[in-house]
Amino acid sequence: AEDEVSLIEKDIKEFWIQFKKSYGTEQNNQTSALRDLCKETIEALSEKWSKKLKEEDLMIAKIQECNNEILQLSKYIAEKEEQLTEIRVKLHQEEEEQKNLNDRIQELKEELRKKMEIKSSKNKAAKEKVEQARKIKTLFEEHLALEIRRIHDEQLQFIFRRIDHKEPDKPYICTLSINEQGDYEVTSCTPPLDCIAEFQLKLRETNNFSAFFANVRKAFIALSYK
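Summary of the structure given here. Keep in mind that this is a model prediction, so the values were computed, not measured.

### Here's the deal with the overall build of the protein chain
Alright, step 1. A tally of regular secondary structure across the protein chain gives five helices and four strands.
Alright, step 2. Secondary structure elements of the protein chain occur, N-terminal to C-terminal, as α-α-α-β-β-β-β-α-α.
Alright, step 3. Counting only residues that meet the buried cut, the protein chain has 19% of its 226 residues in that class.
Alright, step 4. Accessible surface computed for the protein chain: about 17,600 Å², of which carbon and sulfur atoms make up 54%.

Here it is, written out as structure tokens:
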């Protein structure tokens with residue numbers, strides 16, 4: 001703005017210098033020419049500053065347009081930053097959910113592994129007990145007149161004979177199985193023995209088949225005399 005004022009003052013000074021020169025040397029003869037010069041100078045100045053004003057108006061319009069664009073861009077950036085923040089929050093939540101899901105899957109895998117180990121251990125123990133019973137089958141048949149049969153549901157039926165001296169071939173039957181806990185269980189006893197529950201408990205505690213069948217045989221013999 002100060003430069004523009006300086007230019008105006010310079011142009012006015014040049015005009016008055018030209019005016020004085022013309023007035024002092026040719027006062028009478030050049031009045032008309034002076035008016036024309038004044039008119040031309042004023043028109044030139046008007047055109048010059050009119051052009052400058054238009055250029056300044058254009059510049060102001062450009063600046064305003066840029067400001068509007070900057071404002072719109074700032075709003076757009078703010079909206080995108082807000083959306084980005086929402087996306088980040090959502091991603092964090094999904095990551096937490098995925099982590100929790102993975103942790104739960106690992107827990108379930110560990111639970112399943114432990115259950116499989118327990119089941120495998122029980123199956124192994126059950127097979128060992130069945131194998132033990134099979135191995136002593138011959139011994140019992142030869143010394144105790146005991147017949148062993150495998151019946152439904154993986155049960156073993158023990159048939160005692162030579163119990164009743166009046167009827168040596170009369171069968172006295174005790175049936176054993178292995179329950180879900182892997183323990184021996186007497187599922188039937190014919191004829192019934194009041195002490196069979198006690199014998200079953202001792203078998204579970206000692207795993208001694210010989211003592212179990214010896215006690216059952218003695219109990220059947222005692223019952224045959226009643």
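### Considerations on the pattern of salt bridges
Alright, step 1. For the structure shown, the criterion picks out eight salt bridges.
Alright, step 2. Ionic pairing is found between Glu147 and Arg149, a salt bridge with its closest N-O pair at 2.7 Å.
Alright, step 3. Among the residues examined, Glu147 registers a relative accessible area of 26% and is labelled partly exposed.
Alright, step 4. Arg149 sits in the partly exposed class, given a relative accessible area of 38%.
Alright, step 5. Between Glu198 and Lys202 there is a salt bridge, and its shortest N-O distance comes to 3.5 Å. Here Glu198 and its partner Lys202 are both found in helix α4 (residues 196-206), four residues apart, which amounts to about one turn of the helix.
Alright, step 6. Of the residues examined, Glu198 reaches a relative accessible area of 45% and is grouped as partly exposed.
Alright, step 7. The partly exposed category is assigned to Lys202, whose relative accessible area is 41%.
Alright, step 8. Several salt bridges converge on common partners, so that one network encompasses Glu110, Arg113 and Glu117.

### Thoughts on unusual backbone geometry
Alright, step 1. In this model, Thr190 is joined to Pro191 through a cis peptide bond whose omega is -5°.
Alright, step 2. Inspection of the secondary structure assignment puts Pro191 in the loop between β4 (184-190) and α4.

### Section: the packing of aromatic side chains
Alright, step 1. All told, the structure shown has seven aromatic pairs when counted by the stated rule.
Alright, step 2. Summarising the aromatic geometry, the rings of Phe158 and Phe213 are spaced 4.3 Å apart at their centres and angled 45° between planes, so their arrangement reads as tilted. Taken together, the residues span a long stretch of sequence, with Phe158 in strand β2 (residues 155-160) and Phe213 in helix α5 (residues 209-224) at a distance of 55 residues.
Alright, step 3. Judged by its relative accessible area of 1%, Phe158 falls in the buried class.
Alright, step 4. With 5.8 Å between their ring centres and 25° between their planes, Phe209 and Phe213 make a pair best called stacked. In this pair, Phe209 and Phe213 both sit in helix α5, four residues apart, roughly one turn of the helix.

### Section: the state of the cysteines
Alright, step 1. Per the stated rule, a full pass over the model turns up zero disulfides.
Alright, step 2. Among the cysteines around Cys189, which has no disulfide bond, Cys174 carries the closest sulfur, lying 5.1 Å off.
Alright, step 3. Cys189 gets classed as buried once you look at its relative accessible area, which sits at 15%.

### Section: a negative patch on the surface
Alright, step 1. On the surface, Asp36, Glu40, Glu43 and Glu47 cluster together into a negatively charged patch.
Alright, step 2. You can see Asp36 is positioned in helix α2 (residues 31-135).
Alright, step 3. A residue is classified by how much of its surface remains accessible, and Asp36, at 41% relative accessible area, is partly exposed.

### Examining a nonpolar patch on the surface
Alright, step 1. A contiguous nonpolar patch, built from Leu73, Tyr76 and Ile77 and spanning about 290 Å² of accessible area, is present on the exposed surface.
Alright, step 2. Note on placement: Ile77 falls in helix α2.
Alright, step 3. The class for Ile77 is partly exposed, based on a relative accessible area of 40%.

### As for the pairing of β4
Alright, step 1. Bridge analysis of strand β3 (residues 172-178) against β4 gives six bridges, and the strand direction is antiparallel. If you follow Ser177 over to β4, its bridge partner there is Glu185.
Alright, step 2. A loop of five residues connects β3 with β4, the two strands running antiparallel in sequence, and Gly182 in this loop sits at a positive phi of about 85°.

### A closer look at the nonpolar core
Alright, step 1. Counting residues in each nonpolar core, the largest one holds 22 residues, and the members touching the most others are Phe160 and Phe212.
Alright, step 2. Those elements giving two or more residues to this core turn out to be β1 (146-151), β2, β3, β4, α4 and α5.
Alright, step 3. Ranked by residue count, the leading element in this core is α5, at six residues.
Alright, step 4. Every residue in contact with Phe212, bar those within four places of it in the chain, is listed here: Cys174, Leu176, Val186, Phe199, Gln200 and Leu203.

What counts as what
- Residues numbered from 1 in each chain as written.
- Predicted model: local features only at pLDDT ≥ 70, side-chain atom pairs only at ≥ 80, totals over all residues.
- Heavy atoms only, no water.
- Helix = DSSP H or I, 4+ residues; strand = E, 2+ residues; numbered from the N terminus.
- Buried < 20%, exposed > 50% of the residue type's maximum accessible area, 1.4 Å probe, protein only.
- Areas by Shrake-Rupley, 256 points an atom, 1.4 Å probe, with all protein chains shown as cover.
- Salt bridge = Lys/Arg side-chain N within 4 Å of Asp/Glu carboxyl O.
- Phe/Tyr/Trp six-rings, centres within 6.5 Å; stacked < 30°, edge-to-face > 60°.
- Disulfide = S-S within 2.5 Å.
- Patch = residues over 30% accessible without salt bridge, like charges linked within 9 Å, V, L, I, M, F, W, Y side chains within 5 Å.
- Lys, Arg positive; Asp, Glu negative; His and termini not counted.
- Charge placed at Lys NZ, Arg CZ, Asp CG, Glu CD.
- Pairing = 2+ DSSP bridges.
- Core = buried A, V, L, I, M, F, W, Y, C linked by side-chain atoms within 4.5 Å.
- Contact = heavy atoms within 4.5 Å.

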